[in-house]
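# What the coordinates show
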Amino acid sequence: MALALPVVGAAPDPTPLPPRDGVVRGACPHDCPDTCAWQVTVENGRATRMSGDAEHPFTRGFLCTKVNRYIERTYHRDRLTTPLRRVGAKGEGKFEPVSWDVALTEIAARLRAIADSVDGPQAILPYSYAGTMGMIQGESMDRRFFHALGASRLLRTICSAAGAAAMQMTVGASIGADAEGIPESDLILIWGSNTLTSNPHLWPFVLRARERGARVIAIDPLKTRTAAQCDEWIAIRPGTDAALALGIMNVLFVEGLEDRDYLDRWTLGADELRARARQYPPERVAAITGIPAERVIGLAREYGRAKAAFIRLNYGLQRHAGGGMAVRTVACLPAVTGHWRRAGGGVQLSTSANFQFDRRALGRPDLGPPAREINMIRLGDALTLADAGTGGPPVKALIVYNSNPAVVAPDRGAVKRGLAREDLLTVVLEQFPTDTTAWADYVLPATTQLEHWDIHLAYGHHYITLNQPAIAPLGEALPNSEIFRRLAKAMGMTDPALADDDLTMIRQALAGAGPKLAGITLESLIETGWARINVPMPYLPFAEGGFPTPSGKCELRSERLAQMGLDPLPTFTPPDEHPDNVPELAARYPLTLISSPAHQFLNSTFVNVDSLRRQAREPECLLHPDDAAPRGIASGMRVLVHNDRGGFLATARVAAEIRPGVAWAPSLWWGRYAIDGRTVNETTSQGETDMGRGPVFYDNLVEVEAVAAVPSDANGIANPATNSIPIATPG
Ligand SMILES: Nc1nc2c(c(=O)[nH]1)N[C@H]1C(S)=C(S)[C@@H](COP(=O)(O)OP(=O)(O)OC[C@H]3O[C@@H](n4cnc5c(=O)[nH]c(N)nc54)[C@H](O)[C@@H]3O)O[C@H]1N2
Ligand SMILES: Nc1nc2c(c(=O)[nH]1)N[C@H]1C(S)=C(S)[C@@H](COP(=O)(O)OP(=O)(O)OC[C@H]3O[C@@H](n4cnc5c(=O)[nH]c(N)nc54)[C@H](O)[C@@H]3O)O[C@H]1N2
Ligand code: SF4
Ligand SMILES: [Mo]
């Protein structure tokens, strides 16, 4: 098998076992709350069928639209199967195959030269996110390597940072209500989430509750496929959720619908919150949110009278300047009504903090000196500013894995200018040629989840899952962990922690784990495939307080936020790009662009899978008829979506499935498959949220115009016009 290829030194074999025919258990690696347990049928060493584990209480026997195509993706004609070295110009995407030995020896020499130069090792920047959520292929040997090297540390904020910080400040951690309690709910609020697309395995629980009489309400500027299935769609103005939650509290307190006992016993700052909520009467809330005052009152009554309301809070409302405060404010609601007391009640944003892996043992931050931190959503600045935007050395080498920053990072124009730098060494570990690999100096072929070991937490349920490799790596592909082991060796790094194999690291992650993982071992997981972590069923995390905050209570008032210079109480923070803040900008760019996931893609993953891309058709922009008519736009017309940061072409769809004043571009298309090579992140900013330094993807004003014909930017990755934009060359 491929692991027996010429190696740099003698790295340990990371995957004893496969290939083996039969049914192999695994875990879906994708960044999705459902973390499905899957079963792969292998015949003659080839994966032939995949299905969701029917016995898994959350997977319930099905996989989603995208991952049903995982075999097609794995054996895709474009799979990278050998290391590549650039031969063409930067961004041209022209490479020659080289051996692992040559690739790693050359990369090691260049990294060593940078580390030994005046810039030092902090001029090396790792860039990764959640291409795989696996603890081993996502945050183990890679982290050890960069820590030992003394490279810059990446703040991995691009998805959940604002919400995670908000939950930490309010309930103490990324812990939430148990989705398996939902059938006990009498009211379900799907708040800023398109469940049927991005969390589909939650839906059967919602349907159970509904059969038993629950009402289901979506709060979303967009009538998503999920909102269309709900009993009611509340079309909130983007970025105004905190005001709605405060308006609900206003009514709850005025009408005596709060749970005084819960507030007295398990919260901090209830009186101050009551006073704050007084400032948000329904009329004011209506003016901010665009939701009629009677509906705010009605919703508050329904919520207050429900016995166990479940709020499925997700990331949509968090991708605005006030996103942290919005999440925090909504997360206060079940403490006001005491819904945490009952199964099916409470809020769920994430359950991830229950998975107490020994992350220090995995990532070994102690292997190297402390280093500067670079926020991943400011990659454009990091690559184009002489001090990387941090006051330190310029970035001279970028090592990308588990991510596709040329598509997913905001302010794509700045990112592309950075990637175009002749003096930047870019190494990309990938399964496929992407917009990002096109800019690489070296591309290293990575295995898929069918080809390597891993262990997975979940952020939407309470089951841990082991992934066993089902087939041998294709071609010369290697797991990320093995690539970093070999690179460390090639650089002459000798710490024994840099040689641990994957199964050893799985054991380390579990050996030092917290009590919620006690008793779960590699061996037990090989036996069972997955296991419920040590929480009761259903899990009522805060039925009797027990908040992991400094006070042990739900912090309606947060002293920590006060110390950070933020309002210690829930408050409404308008979007950065709100007409009140930036009237001149809003006059030129009056529409708020939301670029949330397309049903067929997972962020930028799966865009290259033909069957899924065909279903998604082409980049689209949805507009309300009231916005389309004055612009002379009809369905099917080509439009330019743009602002001062950039623009992209899309095909218009006009329907009353969106709030007027809002536009939707289902995401994330790659430049190479887009109409004009440009994609939605040309328009988004490198701005940061109030908490957690997260992205503000949907805090984004644009204009949409009908266009006759626009010059094509061929593949959008090698456009001479964009490549030649001068940059502030570091150094
Ligand atoms: N099919 C598919 N599944 C995915 C993903 C994918 O790309 N495709 N991505 C995965 C990842 S990485 C993540 S983080 C999760 C994301 O999961 P979710 O956060 O549930 O993301 P979406 O499903 O897009 O839902 C976000 C919704 O928020 C709405 N929204 C936008 N702004 C606001 C606002 O200000 N207020 C309110 N109330 N709503 C707002 C959007 O219109 C959208 O419908 O999904 C994961 N699952
Ligand atoms: N405008 C806009 N931008 C967004 C968002 C949005 O809603 N709107 N969503 C944001 C969110 S929530 C997120 S989480 C980020 C997601 O950003 P990313 O984490 O970058 O996610 P993907 O686009 O799925 O890219 C993951 C890449 O990793 C590769 N990969 C998968 N497994 C492996 C592996 O084992 N090894 C290696 N080396 N590579 C692997 C895949 O082939 C894929 O190209 O995007 C963000 N960007
Ligand atoms: S992407 Fe989500 S829903 Fe689809 S198979 Fe993976 S974990 Fe399940
Ligand atoms: Mo995400």
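Rules of the game
Residues numbered from 1 in each chain as written. Chains lettered and ligands numbered in written order. Predicted model: local features only at pLDDT ≥ 70, side-chain atom pairs only at ≥ 80, totals over all residues. Heavy atoms only, no water. 1 Å grid on protein atoms, 1.4 Å probe; cavity = no way out; pocket = protein on both sides within 12 Å on 5 of 7 lines; lining within 4 Å. Points joined across faces, edges and corners; volume = space filled by probe spheres on them. Helix = DSSP H or I, 4+ residues; strand = E, 2+ residues; numbered from the N terminus. Nonpolar A, V, L, I, M, F, W, Y, C, P; charged D, E, K, R; others polar. Contact = heavy atoms within 4.5 Å. Pairing = 2+ DSSP bridges. Axes fitted to C-alpha atoms, helices over the stretch in contact; angles between N-to-C directions. Domains from an automatic or database assignment. Buried area = accessible area lost by both parts, 1.4 Å probe. Salt bridge = Lys/Arg side-chain N within 4 Å of Asp/Glu carboxyl O. Polar contact = N/O pair within 3.5 Å; in protein donor to acceptor, adjacent residues only side chain to side chain. Buried < 20%, exposed > 50% of the residue type's maximum accessible area, 1.4 Å probe, protein only. Phe/Tyr/Trp six-rings, centres within 6.5 Å; stacked < 30°, edge-to-face > 60°. Lys NZ or Arg CZ within 6 Å of the ring centre and 35° of its normal. Near = heavy atom within 4 Å. Areas by Shrake-Rupley, 256 points an atom, 1.4 Å probe, with all protein chains shown as cover.

## Observations regarding the layout of surface pockets
Computed from the structure, the largest pocket encloses a volume of approximately 1400 Å³. Around the largest pocket, the lining is made up of 43 residues, and of these Tyr 129, Glu 139, Arg 143, Arg 156 and Arg 359 lie nearest the centre. Secondary structure elements with two or more residues in the lining of the largest pocket: helix H3 (135-139), helix H4 (141-149), strand S7 (153-155), helix H5 (161-170) and helix H15 (359-363). Counted by class, the lining of the largest pocket contains 21 nonpolar, 14 polar and eight charged residues.

## A short note on the side chain of His 30
Mapped onto the elements of the fold, His 30 is located in the loop between strand S1 (22-27) and strand S2 (37-43). If near-sequence neighbours (up to four positions away) are discounted, His 30 is found in contact with Val 67, Tyr 70, Gly 131, Met 133, Leu 602, Thr 605 and Phe 606.

## Side note on the sheet that holds strand S20 (residues 530-532)
In spatial order, the strands read S18-S19-S20; together these three strands make up an open sheet with antiparallel pairing. Either end of the sheet is taken by a strand with one partner, and the two such strands are strand S18 (454-456) and S20. The sheet shows a mean angle of 15° between the axes of neighbouring strands, taken without regard to direction.

## Quick look at the domain arrangement of the protein chain
Per the domain assignment, the segments of the protein chain are domain 1 (84-156 + 371-449 + 473-519), domain 2 (163-352 + 548-563) and domain 3 (596-683 + 700-706). Taken together, the 14 residues of domain 1 in the interface contact 12 residues of domain 3. Carbon and sulfur atoms make up 43% of the surface buried where domain 1 meets domain 3, a total of about 1000 Å² over both sides. Sorting the residues of domain 1 by area buried against domain 3 places Val 407, Arg 412 and Asp 435 first, and these three jointly supply 44% of that buried surface. Between the two partners, domain 1 and domain 3, sit three salt bridges. Our count for the contact surface shared by domain 1 and domain 3 stands at 10 residue pairs in polar contact (both at pLDDT 80 or more).

## So, the sheet that holds S1
Reading across the sheet, the three strands line up as S1-S2-S3 and stay open at both edges, with antiparallel pairing between neighbours. Looking at the sheet topology across the chains shown, the edges are occupied by S1 and strand S3 (46-52). Neighbour-to-neighbour, the strand axes of this sheet turn through a mean angle of 30°, independent of strand direction. The sheet contact formed by S1 and S2 spans six bridges and is antiparallel.

## Considering the pattern of salt bridges
In this structure the tally under the stated criterion is 54 salt bridges. Salt-bridge contacts for Arg 212 lead to Glu 184; the nearest nitrogen and oxygen are separated by 3.4 Å. Residue Arg 212 is located in the loop between helix H7 (203-211) and strand S9 (215-219), and its partner Glu 184 is located in the loop between H5 and strand S8 (187-191); the two are separated by 28 residues in the primary sequence. Here Glu 688 makes a salt bridge to Arg 693, at a shortest N to O gap of 2.9 Å. Given the relative accessible area of 24%, Glu 688 is considered partly exposed. In this structure Arg 693 comes out as partly exposed when scored by relative accessible area, which is 38%. Within the structure, one salt-bridge network assembled from shared partners comprises Arg 412, Lys 416, Asp 435, Arg 672 and Glu 682.

## A word on the packing of aromatic side chains
Inspection of the entire model under this criterion finds 12 aromatic pairs. With 5.5 Å between their ring centres and 45° between their planes, Phe 145 and Phe 484 make a pair best called tilted. In this pair, Phe 145 sits in helix H4 while Phe 484 sits in helix H19 (residues 480-490), placing the two residues 339 residues apart along the sequence. Here Phe 484 falls in the buried class, since its relative accessible area comes to 1%. Centroid distance Tyr 401 to Phe 484: 5.1 Å. Interplanar angle 70°. Geometry classified as edge-to-face. With Tyr 401 in strand S15 (residues 397-401) and Phe 484 in helix H19, this residue pair connects regions lying 83 residues apart in the sequence. Each residue in the set Phe 145, Phe 146, Tyr 401 and Phe 484 is aromatic and connected to the rest through ring pairs, giving one cluster. Above the plane of the ring of Tyr 75 lies Arg 46, whose end atom (NZ or CZ) is 3.8 Å from the centre.

## Quick word on the site of ligand 2
Of all residues adjacent to ligand 2, which total 32 residues, the nearest are Ser 403, Glu 430, Ser 604, Thr 605 and Asn 681. Ser 403 is positioned such that a nitrogen or oxygen atom in its side chain is 2.7 Å from an oxygen atom of ligand 2. Within the side chain of Glu 430, one N or O atom sits 2.5 Å away from an oxygen atom of ligand 2. When the free accessible area of ligand 2 is taken as 920 Å², the share hidden by the protein chains comes to 96%.

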